[in-house]
Every structure is written in structure tokens, then in C-alpha cells.
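Summary of structural features
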There are 2 protein chains.
Amino acid sequence: MTIAGEHTENQILTSARDVFIAKGYEGARMQEIADRAGINKALLHYYFRSKENLFDAVFSEVASHLFPAMKQLLESDLGLKEKITFFVKIYLKALNENPYIPAFVINTLNTNPDGFLKYIKKAGVNPLLLQKQIEDEAGRGLIRAVKAEHLLVNIIAMCIFPFVARPIVQNIFEMNDEEYRFYLESRETEIIDFVLKSIRL
Amino acid sequence: MTIAGEHTENQILTSARDVFIAKGYEGARMQEIADRAGINKALLHYYFRSKENLFDAVFSEVASHLFPAMKQLLESDLGLKEKITFFVKIYLKALNENPYIPAFVINTLNTNPDGFLKYIKKAGVNPLLLQKQIEDEAGRGLIRAVKAEHLLVNIIAMCIFPFVARPIVQNIFEMNDEEYRFYLESRETEIIDFVLKSIRL
DNA sequence: TCTACATTTGACCGCTTGGTTAAAACACAT
DNA sequence: ATGTGTTTTAACCAAGCGGTCAAATGTAGA
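Our subject in this report is the structure included herewith.

For interface size, the figure often reported is the accessible area lost on association. Across the boundary between the two partners, chain A contributes 54 residues, which contact 54 residues of chain B. Contact between chain A and chain B buries roughly 4,900 Å² in total, counting both sides, with carbon and sulfur atoms accounting for 67%. Summed over the shared surface of chain A and chain B, the result is 4 salt bridges. A salt bridge links Asp193 of chain A to Arg144 of chain B; its shortest N-O distance comes to 3.5 Å. Our enumeration of links across chain A and chain B arrives at 19 residue pairs in polar contact (both at pLDDT 80 or more). Elements with a minimum of two residues in the side of chain A that touches chain B: helix H1 (3-27), helix H7 (101-111), helix H8 (117-123), helix H10 (148-164), helix H11 (166-172) and helix H12 (177-199) of chain A. Along the lines of polarity and charge, the residues of the side of chain A that touches chain B split into 32 nonpolar, 10 polar and 12 charged.

This is the structure:
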């Protein structure tokens, strides 16, 4: 692969990601991806043999950024409260930089449930360590006992939801875009506070 | 409209809802909707002039079931803790009966953001009442002070997330379908407990 | 400059899609 | 039975889709 070739390939991947995220798999058009990449449509098939291949390439790139940070943090040796604090901060920062990814993932997840297991499995997120830490700190009277599979889901849910359901939330609370940006910012301390308050003794 | 006609129309709406939810707007095929309804494809256009019209009909029906229950509960005169308890129970029950609706709504919300505001506005969910009640009960020392726009979002997020991200959650925690059903059931008391613990003084 | 290979293009293809049409089948009041 | 309006159908259409192909262009070493 030449340097020019790599540049073209990256251009395609970037354009494809944008279009797939905005329109979903079925709604995305190979022509539009080609146009945005500034190339001929036939060239898409030269680099990625089919639409499905192209989508797989895009998705695996997105997925590869999704889990490792989570895994790394879960396996660090911080105290639980610090771990939760950092996790929420890192996670919300990542979401702010890619606000459309969760909806994209959810959409793909539900219209095409197959083909995901490999990415999830490969990520190797292991909640057992978290459970152990919870039990340990609960035993030492630092927090109350909670189940890891609920705590983790609760935290992630609270982080992601305002991004995937933005139009609903924004409208019910009658915020403009500026106010919503502010609202998203304020959720960082709010979620951390909410969780820590809940798991205190 | 004759009785037979109404029957056909309902048949179409039911089939259309199933297909739209399973495949999304772009992925849904008029032919498949017709087949499932046991009728000719041309008859779809006789009752609903276009695919877009049919989708609107389906979505407005779904949306009309989404908010009224929420609104009614928020405006009832229960104490906050009872209100939260009932809300989670009712909401999870509705989700269990229609587990694919949230993903469908999120998908539509993000690929076609327009046309939603009317349903949301019409629903008239008013969080001001909730905020007032929170301030009141906080003033009386029953709970700590929280912001309604965070509390409400937190609760709904925790309820919905395991339904829209089921494949991920199920896989990370290595559950089979039976175990996941059980997990979803256990979340009811877990969420209620998590929230009430968080807002205690 | 010639050669061999990778990259890029415009034109094209078969198929599926949402949508139309004219006629048939039905329902029902007279 | 007949006429009238509604409901249903098979056949069809133009447009748009993902994908292909042969030819053109670029790029490097010999």
C-alpha cells in the first residue's frame, strides 16, 4: 500500500463513518460516501469489496475505542470512589468528542445483532474484579454492598442516555443548544455525586 | 370506513410496527409489511399513501403510549419516594411488554430528528411540578436536594439502558437469555433502592 | 524510455425499491 | 337483478441501489 493509497483509505473510512453514523447502515449510500471522500464510487469497491465490508471496517474502528479505556480503568488499583469519579469523567469526555457513536452502536446493535460478539469478547472487560473490590470495600465499611452488574450498568446508562435521547430531554426541559451543552457539563459532577451518595453507608 | 376496512387498517399498522421496529425506516420493505398483513402491496398505498405516511401513523401510535403514563404519575399527589417506586415499576413493566420500542425511538430520533417535537410537546410532561415537590420534601428534611432534570433523566436512563444495549450487557456479564430475564427483573428493586439510597439525607 | 504494476475513472448492469394503474371482486341499497 | 361506490388485486414503471469492467492514468524501477 502506497502513502497515497493509505491516504485514500483513511479518507474513505472517515467519510464512511460520518455517513453510517448519520444515516445508519441501510440509509447510507455508497455514492454519498464516495462524494464526501472526493473519489469515484468504484474506488470504494477497490479498497473495500462491499458495503458490508466497509461497514465492518468502520465499526471495528469505533468499537476498538469503546472498551479498552473502560477495561483499563476497571483494572487499575484506585479506590472505588476514585475509580467511579475518573470513569465518569473519562467516559463523558469521550462521549462529548463523539456524541453520535452511542446512537450508532445501539442502532447497529438492534438492526443487526450478529457480528458484535467478537468485538465485545475481544475487549475482555471483566466485572469480576470490580465485584471483588466492592465486596472488599463494603467489608471494610467504606461503602454499602452493591452488585457490580447493576452499579456498572447504572453509571454507564446515566452517562450515555442524554446523548442518545437528546431531542427528547432537551425538549421536555425546554433547553436551547447552549443550555443543553451546559446541562451535559453539569451532569459530570451530578452523576458522580448521585452514585457516591447512593453507595455510602 | 367499513368494519372489514378497519380490520385491514389495523392489520397493516400492526405489521408495519413490527417491521419498522425490527428493520428501521430504511431497512423496512413495503412488500414485507404487506406480506405480514396478508394483503397486496398496492393496498398499503390505498390505505396510507406513502411509506412516510405509514411510518408516521405507526410512530404517532407508539409515541401516544409513551408519555401519558409518565405525565399522569408525575402529576399525582403521591410522596416522592412512592412516586419514584411506582414510576420505576410502571416503566419497567411497559418496557418488558415492548422491549424493542426504545431502540426504535432512538434510531428514529437520530436518523430523522424532525417531526418528533410535535409528539413531545403534545405530551406536555412538566418537570416543574416534580422540582417543586423535591424542594418541598427537601425543605421538610425528608430527602436531600436534587435537581429534577437530573433525577428524572437518571431514573429513566437506568430503566431503559438494559433494553437498548442488551447484547453488550448480556455478553459482558456472560448471561444466557434466562439469566438476563432474571437480571431485568432484579433491576426493579435495584433501581428503586439505588435512587432512594442516593436521595436520602 | 520502456515495462509492469497499482490506482483511479466513467460508463454500465441487473436487481430491488416505492409507487401507479386499470380492471376485477365485493358490498349493499334500491 | 341492477347500479354504485368501496375494497382488493396483478401487472407494471421509473428511479435508485450496490456492484462490475475495461480502459485510462499514475508511479516506480530497469
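Let us keep going from here.
All names here are of chain B. The geometry of helix H6 (residues 80-97) relative to helix H10 (residues 148-164) is characterised by a closest axis approach of 10 Å and an angle of 30° between their N-to-C directions. Relative to H10, the element H6 lies roughly parallel. When you trace H6 past H10, the crossing you get is right-handed. Every residue of H10 that contacts H6 at Ile84, Phe87, Val88, Tyr91, Leu92, Leu95 and Asn96 is listed here: Leu151, Ile155, Ile156, Cys159, Ile160 and Phe163. The class makeup of the residues in the contact of H6 with H10 is 12 nonpolar, 1 polar and no charged.

Relative to the elements of secondary structure, Leu152 of chain B occurs in helix H10. Residue classification places Leu152 of chain B among the buried residues on the basis of a relative accessible area of 7%. Apart from residues no more than four positions distant in its own chain, Leu152 of chain B is found in contact with Phe173 of chain A together with Leu74 and Leu130 of chain B.

Conventions used here
All residue numbers refer to position in the chain's written sequence, counted from 1. A letter from A marks each chain and a number from 1 marks each ligand, given out in the order of writing. Reporting in this predicted model follows two pLDDT cut-offs: at least 70 for local features of residues, and 80 or more for side-chain atom pairs to be given and counted; totals over whole chains, interfaces and linings ignore these cut-offs and use all residues. Remark: hydrogens and water are excluded; side-chain values derive from all non-hydrogen atoms of the structure. Pairs of residues are marked as contacts when any of their non-hydrogen atoms sit within 4.5 Å. Buried area: the accessible surface (1.4 Å probe) lost by two parts on joining, summed over both. Salt bridge, as used here: a side-chain nitrogen of Lys or Arg that lies within 4 Å of a carboxyl oxygen of Asp or Glu. Definition of a polar contact: a pair of N or O atoms within 3.5 Å, with one able to donate and the other able to accept a hydrogen when the atoms are protein atoms, and with sequence-neighbouring residues admitted only if both atoms are side-chain atoms. The numbering of helices and of strands both runs from the N terminus, where a helix is a DSSP run of H or I of at least 4 residues and a strand a run of E of at least 2. Under this grouping Gly is polar, as are all residues other than the nonpolar Ala, Val, Leu, Ile, Met, Phe, Trp, Tyr, Cys and Pro and the charged Asp, Glu, Lys and Arg. For helices, the axis comes from a line fit to the C-alpha atoms of the stretch in contact; other axes are also lines fit to C-alpha atoms, and the angle between any two N-to-C directions lies between 0 and 180 degrees. An angle below 35 degrees is read as roughly parallel, one above 145 as roughly antiparallel, one from 65 to 115 as roughly perpendicular, and any other as oblique. Rotating anticlockwise by less than a right angle from the far helix to the near helix defines a left-handed crossing, while the corresponding clockwise rotation defines a right-handed one. Note on exposure labels: buried denotes an accessible area under 20% of the residue type's maximum, exposed denotes more than 50%, and partly exposed covers the range between, all computed with a 1.4 Å probe on protein chains only.

Remember, this is a structural readout, not a statement about activity or role.
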